[in-house]
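Below, each chain spelled out in residue letters.
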Amino acid sequence: MNILLVCGGGASSSFVAQNVQKACNTNGIDAEVSAIGETELEDYIEGNDIAMFGPHLKYLEESLAETCDYYEVPYKFVQETHYAKMDGQAILNDILEELA
């Protein structure tokens, strides 16, 4: 599974991505978790199973959704509490629920 985590500049999402990767490893899920800034979305979206957006990007939802829809990649916004706590397991649970 390929998971793309997207935030404003890519810095905070890289920490979140590490925690989601750890949760995948702990749960025996073969996954590659990448982190990017939102301006890089079109360059990296293709080939991912899901895009997870930082909650602070909600104001860009229309354009982000348009890009995801074009590449047929489902997306979801990370819950604010999960993002603030960098809770990789909770974010992984949301990903698995979205893809079920």
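Coordinates for the structure precede this section.
Here the residue numbering is sequential within each chain, running from 1 through the sequence in written order. Confidence filtering applies because this is a predicted model: local features only for residues at pLDDT of at least 70, side-chain atom pairs given and counted only at 80 or more, and all residues used for totals across whole chains, interfaces and linings. Derived side-chain values reflect all non-hydrogen atoms in the structure, with water molecules and hydrogen atoms excluded from consideration.

Undergrad: Even after reading the chapter, I still don't get the overall build of the protein, so can you show me in this structure?
TA: Helix and strand assignments come from DSSP, with helices taken as H or I runs of at least 4 residues and strands as E runs of at least 2, each series counted from the N terminus. When its secondary structure is counted, the protein shows five helices and four strands. In sequence order, the protein lays out its α and β elements as β-α-β-α-β-α-β-α-α. We take the radius of gyration over the C-alpha atoms and set the globule estimate at 2.2 Å times the residue count to the 0.38 power. Relative to the compact-globule value of 13 Å for 100 residues, the protein shows a C-alpha radius of gyration of 12 Å, a close match. Across its three principal axes, the protein shows a C-alpha extent of roughly 35 × 25 × 20 Å. Residue contacts follow a heavy-atom distance rule, with two residues in contact if any of their heavy atoms lie within 4.5 Å. Within the protein, contacts between residues at least 6 apart in sequence are counted, and of these 65% link residues at least 24 apart. Carbon and sulfur atoms make up 45% of the accessible area of the protein, which amounts to about 5500 Å² in all. Surface exposure here means Shrake-Rupley accessible area, sampled with a 1.4 Å probe, where a residue is shielded only by the protein chains that are shown.

Undergrad: Please clarify how the nonpolar core should be interpreted in this entry.
TA: Among buried residues, the Ala, Val, Leu, Ile, Met, Phe, Trp, Tyr and Cys ones that are joined through side-chain atoms within 4.5 Å form a nonpolar core. The cut-offs for exposure are 20% and 50% of the maximum accessible area for each residue type, with area from a 1.4 Å probe on protein chains only; residues under the lower value are buried, those over the upper are exposed, and the others partly exposed. Core analysis: the largest hydrophobic core is formed by 18 residues, its most contacted members being I3, L5, V20, C24 and M52. Put simply, the parts of the chain that give this core at least two residues each are β1 (2-7), α1 (11-26), β3 (50-53) and α5 (88-99). At five residues, α1 tops the list of elements feeding residues into this core. Those residues in contact with M52 that sit more than four places away from it in its chain are I3, L4, L5, V6, K76, V78, I91 and I95.

Undergrad: Would you mind going over the sheet that holds strand β4 (residues 75-77) with me for this structure?
TA: Strands in a sheet are paired, the pairing made by backbone hydrogen bonds, and the direction either parallel or antiparallel. Sheet architecture is open: four strands sit in the order β2-β1-β3-β4, paired in parallel fashion. The sheet is open, and its two edges are formed by β2 (32-37) and β4, each paired on a single side. Between one strand and the next, the sheet's axes are offset by a mean angle of 20 degrees, whatever the strand orientation. With four bridges joining them, β1 and β3 adopt parallel strand pairing. The residue of β3 that forms the bridge with V6 is F53. Axis definition: a line fitted to C-alpha atoms, limited for helices to the stretch in contact. Angles are taken between N-to-C directions and run from 0 to 180 degrees. Against the sheet, helix α3 (residues 61-70) contacts β3 and β4, and its axis sits at roughly 155 degrees relative to β4. For two strands to count as paired, DSSP must find a minimum of two bridges between them.

Undergrad: Hey, could you run me through the pattern of salt bridges in this one?
TA: As a working rule, side chains carrying opposite charge can pair if their charged atoms are close by. Here a salt bridge means any side-chain nitrogen of Lys or Arg lying within 4 Å of a carboxyl oxygen belonging to Asp or Glu. One pass over the full model with this rule turns up two salt bridges. Of the charged contacts in the structure, one is a salt bridge between E98 and K76, with a shortest N-O distance of 4.0 Å. Taken together, the residues E98 in helix α5 and K76 in strand β4 connect sequence positions 22 residues apart. You can call K76 buried: its relative accessible area is 19%.

Undergrad: Which parts of the structure should I look at to understand the packing of aromatic side chains?
TA: Aromatic rings in a pair are described by how distant their centres are and how their planes are angled relative to each other. Working definition: rings of Phe, Tyr and Trp (its six-membered ring) pair if their centres are within 6.5 Å, and the pair is stacked with planes under 30 degrees apart, edge-to-face with planes over 60 apart, and tilted otherwise. Taken as a whole and judged by the stated rule, the model has four aromatic pairs. Here the aromatic rings of Y70 and Y71 are separated by 4.9 Å at their centres, their planes lie at 85 degrees, and the arrangement is edge-to-face. Ring-pair connections join several aromatic residues into one group, and the members of that group are F53, Y75 and F77. Stacked on the ring of F77, the Lys or Arg K58 has its end atom at 4.5 Å from the ring centre. Working rule: Lys NZ or Arg CZ, within 6 Å of ring centre, within 35 degrees of ring normal, means a charge sits over the ring.

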